[in-house]
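# Structure at a glance
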Amino acid sequence: MKIGVLALQGAFIEHIKKLRELGVEAVEVRLPEDLDGLDGLIIPGGESTTIGKLAVQYGLVEPLRRFAQRKPTWGTCAGMIFLAKDIGNDRQPLLGLMDVTVNRNAFGRQIDSFEADLSIAGLGDEPFHAVFIRAPVVTDVHDGVEVLARLEDGRIVAVREGHLLATAFHPELTNDRRLHEYFVDLIRHNKAENG
Ligand code: GLN
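Treat the numbers as computed from the prediction; the structure is a model and nothing was measured. (Residues numbered from 1 in each chain as written. Predicted model: local features only at pLDDT ≥ 70, side-chain atom pairs only at ≥ 80, totals over all residues. Heavy atoms only, no water.)

## Describing the overall build of the protein
Stated precisely, the cut-off is as follows: Counting from the N terminus, the helices are the DSSP runs of H or I reaching at least four residues and the strands are the DSSP runs of E reaching at least two. Taken over C-alpha atoms, the radius of gyration is set against a globule rule of 2.2 Å times the number of residues to the power 0.38. Only protein chains enter the calculation, and the probe is 1.4 Å; a residue is then buried if its accessible area is under 20% of its type maximum, exposed if over 50%, and partly exposed in between. Only heavy atoms enter the contact rule, under which two residues are in contact if any of them lie within 4.5 Å. Per-residue and other accessible areas were derived by the Shrake-Rupley procedure at a 1.4 Å probe size, with only the shown protein chains allowed to occlude residues. When charges are counted, neither His nor the chain ends are considered; positive counts come from Lys and Arg and negative counts from Asp and Glu. A single reference atom marks each charge: NZ on Lys, CZ on Arg, CG on Asp, CD on Glu.
Counting secondary structure elements, the protein contains 5 helices and 12 strands. Compactness check: the protein gives a C-alpha radius of gyration of 15 Å against a globular reference of 16 Å for 195 residues, within 12% of the reference. With respect to the principal axes defined by its C-alpha atoms, the protein has extents near 40 × 40 × 30 Å. When burial is assessed residue by residue, the protein has 52% of its 195 residues classed as buried. Counted over contacts in the protein with a minimum sequence separation of 6, partners at least 24 positions apart contribute 64%. Accessible area of the protein: about 9100 Å², with a carbon and sulfur share of 44%. Treating the 22 positive side-chain charges of the protein as one cloud and the 29 negative ones as another, the clouds have centres 5 Å apart.

## Looking at the site of the ligand
Put simply, the test is: If a single non-hydrogen atom of a residue is within 4 Å of a molecule or strand, that residue counts as near it. Pairs of N or O atoms within 3.5 Å make up the polar contacts considered here, provided that, within protein, one atom can donate a hydrogen while the other can accept it, and that residues adjacent in sequence are counted only when both atoms are side-chain atoms. Using only the protein atoms, space was sampled on a 1 Å grid; points where a 1.4 Å probe fits but cannot get out form cavities, open sets with protein on both sides within 12 Å along at least five of seven lines form pockets, and lining residues are those with an atom within 4 Å of a point. Assignment to a cavity or pocket requires that more than half of a molecule's atoms be within 2 Å of the site's grid points. Charged means Asp, Glu, Lys or Arg here, nonpolar means Ala, Val, Leu, Ile, Met, Phe, Trp, Tyr, Cys or Pro, and polar covers whatever is left, Gly included.
For the ligand, the full set of nearby residues is Gly45, Gly46, Glu47, Ser48, Cys77, Ala78, Ile81, Arg104, Asn105, Ile133, Arg134 and His170. Between the ligand and the protein, one listed contact pairs an oxygen atom with a backbone N or O atom of Gly46 at 2.8 Å. Contacts to the ligand include Ala78, whose backbone N or O atom sits 3.0 Å from an oxygen atom. Surface burial for the ligand is 96%, taken as the share of its 300 Å² of free accessible area covered by protein chains. Here the ligand occupies the largest pocket. Considering only residue class, the shell around the ligand consists of 4 nonpolar, 5 polar and 3 charged.

## Focus: unusual backbone geometry
Backbone geometry places Cys77, a non-glycine residue, at a positive phi of 55 degrees. By the secondary structure assignment, Cys77 is in the loop between β4 (73–76) and α4 (78–83). Residue classification places Cys77 among the buried positions, given a relative accessible area of 3%.

## Quick word on the layout of surface pockets
Rule in force here: Grid points are joined across faces, edges and corners, and a volume is the space filled by probe spheres set on the points.
Looking at the largest pocket, its volume works out to about 270 Å³. Along the walls of the largest pocket sit 20 residues, with Glu47, Asn105, Ile133, Arg134 and Ala135 positioned nearest its centre. In terms of residue class, the lining of the largest pocket is built from 8 nonpolar, 7 polar and 5 charged.

## Here we look at a negative patch on the surface
This is how the line gets drawn: Residues enter a patch when their relative accessible area is above 30% and they make no salt bridge; the linking distance is 9 Å between like charges and 5 Å between nonpolar side chains (Val, Leu, Ile, Met, Phe, Trp, Tyr). Salt bridges are counted wherever a side-chain nitrogen of Lys or Arg sits within 4 Å of a carboxyl oxygen of Asp or Glu.
Together, Glu115, Asp117, Asp125 and Glu126 give the surface a local cluster of negative charge. Mapped onto the secondary structure, Glu115 falls in strand β7 (residues 113–118).

## Thoughts on the packing of aromatic side chains
Test applied: Stacked, edge-to-face and tilted labels apply to pairs of Phe, Tyr and Trp rings (six-membered ring for Trp) whose centres lie within 6.5 Å, assigned for plane angles under 30 degrees, over 60, and everything in between, in that order.
Applying the stated criterion across every chain yields a total of 6 aromatic pairs. Between Phe107 and Phe114, the ring centres sit 4.9 Å apart and the planes meet at 65 degrees, which makes this aromatic pair edge-to-face. You can call Phe107 buried: its relative accessible area is 11%. Ring geometry for Phe114 against Phe132: centres 4.6 Å apart, planes inclined by 5 degrees, an arrangement best described as stacked. Here the residue Phe114 occupies a position in strand β7, and Phe132 occupies one in strand β8 (residues 128–133), the gap between them amounting to 18 residues. Judged by its relative accessible area of 0%, Phe132 is buried. Among the aromatic residues, ring-to-ring pairing joins Phe107, Phe114, Phe128, Phe132 and Phe169 into one connected group.

The values reported here are purely geometric and, on their own, carry no functional implication.
This is how it looks when you write it as structure tokens:
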């Protein structure tokens, strides 16, 4: 199994480390041909406007879209924004694949970052300690989207739509490996089903 991490900007090195800790081959993706032969892709947190602009410059938007239409793809934070179909009034390049509405910078300027213990569907009883950095939230989900986690106030911070996964927080910045394992399992199932 080989997983790519989009390495245009943001926290890609941390994702690569996590995947390697799990014994999975992980490579940086900067050019369309880097997607060849990958079984899955992570789009990291960072700044979604920058990631979008660089993806346009490197001719990556269409190749990424085609890849993520078929293969497991996981967006964290800025990556969640980049995967969404609807981000309200902001104008920036998006892959527009997940049927969710995302509010960028949902926590405003006062609360730049915070941490919270989440209960995440499919990860067992142990809470997941999540780090949020200028994080988005999902404000609306449409048919076929499964909500995996909410904050205590009910706001949605993790979703799955078939082979697509999105989390508003940064699971690569803590020691918990369960979400990366979850994604690796998702890829394994996808490979078994689709070859
Ligand atoms: N607020 C950033 C954006 O709009 C996302 C922050 C992050 O990825 N940690 O892209």
